[in-house]
Amino acid sequence: MACIDLNADLGEGFGVWRLGDDDAMLGIVTSANVACGFHAGDPTGLLRVCRSAAERGVVIGAQVSYRDLAGFGRRYIDVTGEDLLADVVYQIGALQAIAQAGGSSVSYVKPHGALYSAVVTNREQAAAVAEAVKLVDPTMPVLGLAGSVLFDEAADRGLRTVPEAFADRAYRPDGQLVSRRWPDAMLYDPAAVAERVLAMVTTGEVPAVDGTRIAVTAESVCVHGDSPGAVKMADAVRYRLTKAGIEIKAFC
């Protein structure tokens, strides 16, 4: 039986501001990319999410980011490799303590937002992220985009790499994601997205914005928790995959 992991970005509220429905998403996904406080998330909310994830058997990953609360981590920052390494170590360590207090642990690392995009091609920053993971725990996998220089740097350090695809993001012909600055970057129809994910998992292909079909490699599929109708979309994806006989299970 084919299997796939479903992951979502959670714990991204801050203070009285809440983003998405973490509890509902934790009933659907198998892996939770939990914010670490640099782009979103406050300690109380993060502990709440980690406790809920532990109760539901959802695997926790550290969603590391640039230090950018005001921009939600979606602005590129030309940070030095030395500073970025320390920032990533700090974030993993902070979430590891919170996860442990919540009855779980951090099992993998995934970059967020602009950092995720940067480490597809920026070797200095990719090396910093990979080295940070190695320093904290060399058995911890890195979740990201297949073909990225992050995966090259992680593999050079003996780290496991886990490729993911995106349920609700449009792809460019070169296999990278369409920038959120463009109006066609996001997909919103739950039924259409569910069929698209099923095709990704079963055929290893997805249509790009220009109509061509490109190859995708995925052990995990990301369904964004902060998108409009996120819960409905994630539920539709899980239902369609299960109906097709695809087992939904964490990659860790």
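To start, this report covers the structure provided alongside it. Since the structure is predicted, the reported quantities are computational estimates derived from the model, not experimental observations.

**Details of the packing of aromatic side chains**
The geometry of an aromatic ring pair is captured by the separation of the ring centres together with the interplanar angle, meaning the angle of the planes.
Okay, so step 1: Scanning the model with the defined rule gives four aromatic pairs in all.
Okay, so step 2: The interplanar angle of 40° and the centroid separation of 5.9 Å between the aromatic rings of Phe 38 and Tyr 90 together place this pair among those described as tilted. With Phe 38 in the loop between strand 2 (31-35) and helix 2 (43-56) and Tyr 90 in helix 3 (residues 81-101), the pair connects residues that are 52 residues apart, well separated along the chain.
Okay, so step 3: Aromatic side chains Tyr 66 and Tyr 76 sit 6.0 Å apart centroid to centroid with 85° between the ring planes, which places their arrangement in the edge-to-face category. Here Tyr 76 lies in the loop between strand 3 (59-64) and helix 3 and Tyr 66 lies in the loop between strand 3 and helix 3, a separation of 10 residues in the sequence.
Okay, so step 4: When its relative accessible area of 46% is taken as the criterion, Tyr 76 is described as partly exposed.

**Structural notes on the layout of surface pockets**
Okay, so step 1: Of the pockets and cavities examined, the largest pocket occupies roughly 640 Å³.
Okay, so step 2: As for the largest pocket, its lining consists of 26 residues, and the residues nearest its centre are Gly 113, Ala 114, Ser 117, Arg 169 and Arg 180.
Okay, so step 3: Among the secondary structure elements, those contributing two or more residues to the lining of the largest pocket are strand 4 (106-111) and helix 4 (113-121).
Okay, so step 4: Looking at the lining of the largest pocket, the element that brings in the most residues is helix 4, giving seven residues.
Okay, so step 5: Class assignment of the residues belonging to the lining of the largest pocket gives a composition of 10 nonpolar, eight polar and eight charged.

**A few points about the pattern of salt bridges**
Okay, so step 1: Applying the stated criterion to the full structure yields 12 salt bridges.
Okay, so step 2: Each of Arg 123, Glu 131, Asp 152, Glu 153 and Arg 157 takes part in one network of salt bridges that share partners.

**Considering the side chain of Lys 110**
Okay, so step 1: Examined against the element boundaries, Lys 110 turns out to sit in strand 4.
Okay, so step 2: Leaving out residues up to four positions away in the same chain, Lys 110 has contacts with Asn 7, Asp 9, Asn 33, Ala 62, Gln 63, Val 64, Tyr 116, Leu 143, Glu 164, Phe 166 and Cys 222.

Conventions we followed
- Residues numbered from 1 in each chain as written.
- Predicted model: local features only at pLDDT ≥ 70, side-chain atom pairs only at ≥ 80, totals over all residues.
- Heavy atoms only, no water.
- Phe/Tyr/Trp six-rings, centres within 6.5 Å; stacked < 30°, edge-to-face > 60°.
- Helix = DSSP H or I, 4+ residues; strand = E, 2+ residues; numbered from the N terminus.
- Buried < 20%, exposed > 50% of the residue type's maximum accessible area, 1.4 Å probe, protein only.
- 1 Å grid on protein atoms, 1.4 Å probe; cavity = no way out; pocket = protein on both sides within 12 Å on 5 of 7 lines; lining within 4 Å.
- Points joined across faces, edges and corners; volume = space filled by probe spheres on them.
- Nonpolar A, V, L, I, M, F, W, Y, C, P; charged D, E, K, R; others polar.
- Salt bridge = Lys/Arg side-chain N within 4 Å of Asp/Glu carboxyl O.
- Contact = heavy atoms within 4.5 Å.

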